[in-house]
Amino acid sequence: MSNQFIVTITPPTPNGDLHIGHIAGPYMAADVFTRAQRLQGMQCYLVSYSDDYQSYLTRKALELGVDGAQLAHENSVKIQQSLRMVGIEVDHWLESHGNPHFEWAAKMLYERGQASGLIRSAQTQAPYCEHCQVWGYEGFARGNCNHCGASSDASQCEACAMAPDAAKMTDLKCILCHAPMTMRPVQRQFLAFDRVADALRARLAAAPMRGQLRRWLDAAFEKGLGDWGVTRPGESGLKLYDDEAHRLHTWFMGQAGYLAALKELSERDEAADAYALLSSADTRMVNFLGMDCSYSHVLAYPAQVLGDPAFKFSQAFFTNAFLKLNGEDFSTSRGHAIWVRDLVRDACADSVRFYVSLIAPEEQTGNFSVDDFWAWRRRVFDTVLPHIYRQLAQERATPPACLAAFERGVAQRWLQCASVEQFSMKGMAEQLMVLVDAIQGELSSGKVRRELLVLFAVLCGPTMPGLGKALAGHVDDDERTACLAELGLIPAQKEACHG
Ligand SMILES: [Zn+2]
Ligand SMILES: [Zn+2]
């Protein structure tokens, strides 16, 4: 059984700040998961990094006429500020540009892949704009995905999550000048999925994931996985050995980024055994990612460590779909977005976290309605929660009363949603709302049972850390102990509660 967790968030492209759509995906889910495991006494490290070698960052820097590394650093600082403002506490955040740990990890995985035969060289055709002299591997070209027909770059399709084959895409055009891309011969390195397909499938069969991802994976294996290009000569990426032929693109290096962050954390803090956890069979790496990042995270990264005795950890994958804003796609270029820092300033971190959890697009597209948010906030944060706070501050029961069947049912469902097997921050938030509604119902009769309030105070922390901390001050140690023991989170003590 896993009792140690490495939790990862897909690295954001540092070409701007974070909006609500971002945190409704992997960011908050990873934080809620981490807090929920810690509440249950598990060891957890949450890491992420800024995706400084992204092709879209290179394009943005070119369009703005600024230095890419400088732009990445400035936005990385902003992103970290936004995360802190909304209570997402990352144990270590790595900036990947020019980072020796990052380079070491990427090189290690690349060289191991070559030594084992997982990575092989092939002559191929890649899209190129003769006019702008840019390659169309990702950020500089767009056409129609050869798998599903949707508009896509040649790297990974947001609609079907597959890696398109540039040579088979239609209408592939340069983003800068809109001219059709021409195909140029180029020698590249490829990850050969056919060499590990059976072992990979077996590893993934044992990994917890949601239905949407499981179905996608089954379809991908049925169709057969082709070779996946891992170098992009002449484009964005990390140049190994001062050699353009071994320039690794960013999607190959995601897992390297997580390993590097753990390594950097271990060196910065000697008490942290973060990197050593990777070689323990009791460790599970839990990757939080958008569904569109599945090809790299769920296929390529497990393939990179298959059969490697240095890495004994198992995996779990939690994907999300997209969030809409007032029914439309987020668009930072059209200004159709709500920035995390603005909403937290106008509302508060806890209300943003609770509401975003309730509407999280875990299996399908979700929608953030500004009016609905404020109406919900008035009911819950201006009416019910202040009552909970005031009533908890009043007299205690000695010894505390046991949980009734209703509270036990809520707690069991909450624990299921907080587990690595079936994690759902949405499910956890829904159970908190069941408690809020029950408390509101009892309020109308004048007196709320204290055990109901104590249970809410104990369970609300992962979703609303600020409130959890404030309420904890009004819950006695013996009440808290009794509640945790009843939930099976700590060993039961004799007569912890009575009723
Ligand atoms: Zn597609
Ligand atoms: Zn062009």
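Here the structure is a predicted model, which means the values were calculated and not measured. (Residues numbered from 1 in each chain as written. Chains lettered and ligands numbered in written order. Predicted model: local features only at pLDDT ≥ 70, side-chain atom pairs only at ≥ 80, totals over all residues. Heavy atoms only, no water.)

## What to know about the nonpolar core
1) Next: Ranked by internal contacts, the top residues of the largest apolar core, which has 89 residues, are I20, V352, F354, F368 and F456.
2) Next: Composition of this core by domain shows at least three residues from each of domain 1 (4-106 + 248-324) and domain 3 (369-486).
3) Next: Non-local contacts of V352, meaning those with residues more than four positions away in its chain, are made with I20, I23, V86, L343, V344, A347 and F373.
4) Next: Listed in part, the 67 residues of the second largest apolar core include I6, L248, A256 and M285. (Core = buried A, V, L, I, M, F, W, Y, C linked by side-chain atoms within 4.5 Å. Buried < 20%, exposed > 50% of the residue type's maximum accessible area, 1.4 Å probe, protein only. Domains from an automatic or database assignment. Contact = heavy atoms within 4.5 Å.)

## Some details on the environment of W228
1) Next: If you trace the backbone, W228 turns up in strand β10 (residues 227-229).
2) Next: Setting aside residues no more than four positions away along its own chain, W228 makes contact with A163, Q189, F190, L191, F193, H249, W251, F252, Y295, S296 and A300. (Helix = DSSP H or I, 4+ residues; strand = E, 2+ residues; numbered from the N terminus.)

## Section: the coordination of the zinc ion (ligand 2)
Octahedral six-donor coordination of a metal ideally yields angles of 90 or 180 degrees, compared with 109.5 degrees for tetrahedral four-donor coordination.
1) Next: Note on the zinc ion (ligand 2): its protein donors are C129 (SG), C132 (SG), C174 (SG) and C177 (SG). The metal-donor distances range over 2.3 to 2.4 Å.
2) Next: In this structure, the zinc ion (ligand 2) is coordinated by four donor atoms arranged in tetrahedral fashion, with angles at the metal of 101 to 114°.
3) Next: Taken in sequence order, the residues that donate to the zinc ion (ligand 2) follow the motif C-x2-C-x41-C-x2-C.
4) Next: Judged by its relative accessible area of 22%, C132 falls in the partly exposed class. (Donors = N, O, S within 2.8 Å, 3.2 Å for Na, K, Ca; no water. Tetrahedral: all angles 85-135°; square planar, octahedral: opposite > 155°, others 65-115°.)

## Details of the coordination of the zinc ion (ligand 1)
1) Next: Those protein atoms acting as donors to the zinc ion (ligand 1) are C145 (SG), C148 (SG), C157 (SG) and C160 (SG), and they sit at 2.3 to 2.4 Å.
2) Next: Note that the zinc ion (ligand 1) binds four donor atoms; their angles at the metal cover 103 to 113°, and the shape is tetrahedral.
3) Next: Counting residues between consecutive donors of the zinc ion (ligand 1) along the chain gives the motif C-x2-C-x8-C-x2-C. One end of the pair, C148, is in the loop between β6 (141-144) and β7 (151-152); the other, C160, is in the loop between β7 and β8 (170-174), and 12 residues separate them in sequence.

## What about the sheet that holds strand β13 (residues 283-290)?
Through backbone hydrogen bonds, the strands of a sheet pair up, either in parallel or in antiparallel fashion.
1) Next: Pairing is parallel in the open sheet, where five strands are placed in the order β3-β2-β1-β13-β14. At either end of the open sheet lies a strand with only one pairing partner, and these are β3 (92-95) and β14 (314-320). The sheet shows a mean angle of 20° between the axes of neighbouring strands, direction not considered.
2) Next: Bridge analysis of β13 against β14 gives seven bridges, and the strand direction is parallel. Paired with V286 across the strands is A316, a residue of β14.
3) Next: Sheet strands touched by helix α3 (residues 68-85): β2 (43-50) and β3. Its angle to β3, the strand with the most contacts, is close to 165°. (Pairing = 2+ DSSP bridges. Axes fitted to C-alpha atoms, helices over the stretch in contact; angles between N-to-C directions.)

## What about the packing of helix α5 (residues 197-205) against helix α8 (residues 294-305)?
1) Next: At their nearest, the axes of α5 and α8 sit 10 Å apart, and the two run at 105° to each other. In terms of axis orientation, α5 runs roughly perpendicular to α8. Listed contacts from α8 to L200, R203 and L204 of α5 are V298, L299, P302, A303 and V305.
2) Next: For the contact of α5 with α8, a count of residues per class yields seven nonpolar, no polar and one charged. (Parallel < 35°, antiparallel > 145°, perpendicular 65-115°, else oblique. Nonpolar A, V, L, I, M, F, W, Y, C, P; charged D, E, K, R; others polar.)

## Quick look at the packing of aromatic side chains
Geometry of an aromatic ring pair is reported as the spacing of the ring centres plus the angle between the planes.
1) Next: This model, assessed by the stated rule, comprises 25 aromatic pairs.
2) Next: Ring geometry for Y355 versus W376: centroids 5.2 Å apart, planes at 50°, classification tilted. Residue Y355 is located in helix α10 (residues 349-358), and its partner W376 is located in helix α11 (residues 370-392); the two are separated by 21 residues in the primary sequence.
3) Next: You can call Y355 buried: its relative accessible area is 7%. (Phe/Tyr/Trp six-rings, centres within 6.5 Å; stacked < 30°, edge-to-face > 60°.)

## What about the side chain of R210?
1) Next: Relative to the assigned elements, R210 resides in the loop between α5 and α6 (211-223).
2) Next: With near-sequence residues (within four places) excluded, R210 lies in contact with F317, F318, T319, E362, E363, F423 and S424.

## With respect to the sheet that holds strand β17 (residues 366-368)
1) Next: Within the open sheet, the three strands sit side by side as β16-β15-β17. Their pairing is mixed. The two strands at the open ends of the sheet, each matched to only one other strand, are β16 (328-329) and β17.

## Digging into the packing of helix α13 (residues 425-444) against helix α14 (residues 450-459)
1) Next: Interaxial distance between α13 and α14 falls to 10 Å at its minimum, and their mutual angle equals 150°. Between α13 and α14, the angle falls in the class roughly antiparallel. Judged by the sense of rotation from one axis to the other, the crossing of α13 with α14 is left-handed. In this structure, α13 uses L432, L435, V436, A438, I439 and E442 to contact α14, whose residues at the interface are L452, L453, L455, F456 and L459.
2) Next: Partitioning the contact of α13 with α14 into residue classes produces 10 nonpolar, no polar and one charged. (Left-handed = near helix turned anticlockwise from the far one by under 90°.)

## Describing the domain arrangement of the protein chain
1) Next: Domains assigned within the protein chain are domain 1 (4-106 + 248-324), domain 2 (116-242) and domain 3 (369-486).
2) Next: Spacing between the C-alpha centres of domain 1 and domain 3 amounts to 31 Å.
3) Next: At the junction of the two partners, domain 1 supplies 17 residues and domain 3 supplies 14 residues.
4) Next: Where domain 1 abuts domain 3, roughly 1,200 Å² becomes buried across the two surfaces, and 77% of that area is made up of carbon and sulfur atoms.
5) Next: Broken down residue by residue, the surface that domain 1 buries against domain 3 is led by V32, L39 and F318, which jointly contribute 41%.
6) Next: Between domain 1 and domain 3 we count zero salt bridges in total.
7) Next: Across the contact surface, domain 1 and domain 3 share one residue pair in polar contact (both at pLDDT 80 or more).
8) Next: Mapped onto the side of domain 1 that touches domain 3, the elements with two or more residues apiece are α1 (20-39), β13 and β14.
9) Next: Taken together, the residues of the side of domain 1 that touches domain 3 break down into 12 nonpolar, three polar and two charged. (Buried area = accessible area lost by both parts, 1.4 Å probe. Salt bridge = Lys/Arg side-chain N within 4 Å of Asp/Glu carboxyl O. Polar contact = N/O pair within 3.5 Å; in protein donor to acceptor, adjacent residues only side chain to side chain.)

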